[in-house]
Amino acid sequence: MNNEAIKKIADTYGYDAQSRQLIEEMAELTVAINKMWREGMKTDYFYSELKKKDIAEEIADVTIMLEQIKYLLQISDTDIDQIIEQKLNRQLERIGADERKS
């Protein structure tokens, strides 16, 4: 990812504008995912690929905005990676606990 572009754009617009833009992009991703879920994965290959392309585009938009917010708030990838590890481990423990109950 082009970190210089992320920084330049984030610095130009600032936190308020970019945090609002992030919310908008997340909403668009939600709509794209919901559309695929609601309409189901059609057997038509073209239709499915088109919907996946829509979702991929929205994921890209959200990722760009998240990178700007991380930069503006000085949140490091290391900080996020540590939190992700904790959350994944907790979820794996839950899955293991659920399997023992079955």
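Residues numbered from 1 in each chain as written. Predicted model: local features only at pLDDT ≥ 70, side-chain atom pairs only at ≥ 80, totals over all residues. Heavy atoms only, no water.

Just checking my understanding: could you explain the overall build of the protein chain for this structure?
Broken down by element type, the protein chain carries 3 helices and 0 strands. Within the protein chain, counting contacts between residues at least 6 apart in sequence, those at least 24 apart form 70% of the total. Per element, the accessible surface of the protein chain, about 8000 Å² overall, is 56% carbon and sulfur. (Helix = DSSP H or I, 4+ residues; strand = E, 2+ residues; numbered from the N terminus. Contact = heavy atoms within 4.5 Å. Areas by Shrake-Rupley, 256 points an atom, 1.4 Å probe, with all protein chains shown as cover.)

Mind showing me how you'd approach the nonpolar core here?
Most often, soluble globular proteins have nonpolar side chains that are buried together. Counting 8 residues, the largest nonpolar core consists of Leu 22, Leu 29, Ala 32, Met 36, Ile 55, Val 62, Met 65 and Ile 69. At the level of secondary structure, the elements contributing two or more residues to this core comprise helix H1 (3-39) and helix H2 (45-73). Not counting residues up to four positions away in its chain, the partners in contact with Ala 32 are Ile 55 and Glu 58. (Core = buried A, V, L, I, M, F, W, Y, C linked by side-chain atoms within 4.5 Å. Buried < 20%, exposed > 50% of the residue type's maximum accessible area, 1.4 Å probe, protein only.)

Quick question: what am I supposed to make of the environment of Lys 35 here?
The topology assignment puts Lys 35 in helix H1. Given the relative accessible area of 35%, Lys 35 is considered partly exposed.

Looking at this structure, how should I read the pattern of salt bridges?
Close approach of charged atoms allows side chains with opposite charge to pair. The full count for this structure, using the stated rule, is 4 salt bridges. When the shortest N-O distance is used, the salt bridge between Asp 77 and Lys 70 registers 2.4 Å. Note on Asp 77: relative accessible area 44%, which makes it partly exposed. Relative accessible area serves as the criterion here: at 15%, Lys 70 is assigned to the buried category. (Salt bridge = Lys/Arg side-chain N within 4 Å of Asp/Glu carboxyl O.)

What is the right way to read the side chain of Glu 25 from this model?
Turning to its location among the elements, Glu 25 is positioned in helix H1. Buried charge Glu 25 goes without a salt bridge, the closest partner of opposite sign being Arg 20 at 14 Å. At a separation of 2.8 Å, a polar atom in the side chain of Glu 25 contacts the side chain of Gln 21. Apart from the residues lying within four places of it in its own chain, the contact partners of Glu 25 are Glu 58, Asp 61, Val 62 and Met 65. (Lys, Arg positive; Asp, Glu negative; His and termini not counted. Polar contact = N/O pair within 3.5 Å; in protein donor to acceptor, adjacent residues only side chain to side chain.)

Got a minute to help me understand the side chain of Gln 68 in this structure?
Examined against the element boundaries, Gln 68 turns out to sit in helix H2. A relative accessible area of 1% means that Gln 68 is categorised as buried. Once you skip the residues sitting within four places of it in the chain, Gln 68 turns out to touch Ile 6, Ile 9, Ala 10 and Gln 18.

Teacher, can you tell me more about the confidence of the model for the protein chain here?
Detailed reading of the predicted model is not advised wherever pLDDT is low. The share of residues in the protein chain with pLDDT of 70 or more is 87%, and the mean pLDDT across the chain is 90. Looking across the protein chain, the model is least confident in helix H3 (residues 77-101), with a mean pLDDT of 89, and most confident in H1, with 94. (pLDDT = per-residue confidence, 0-100.)

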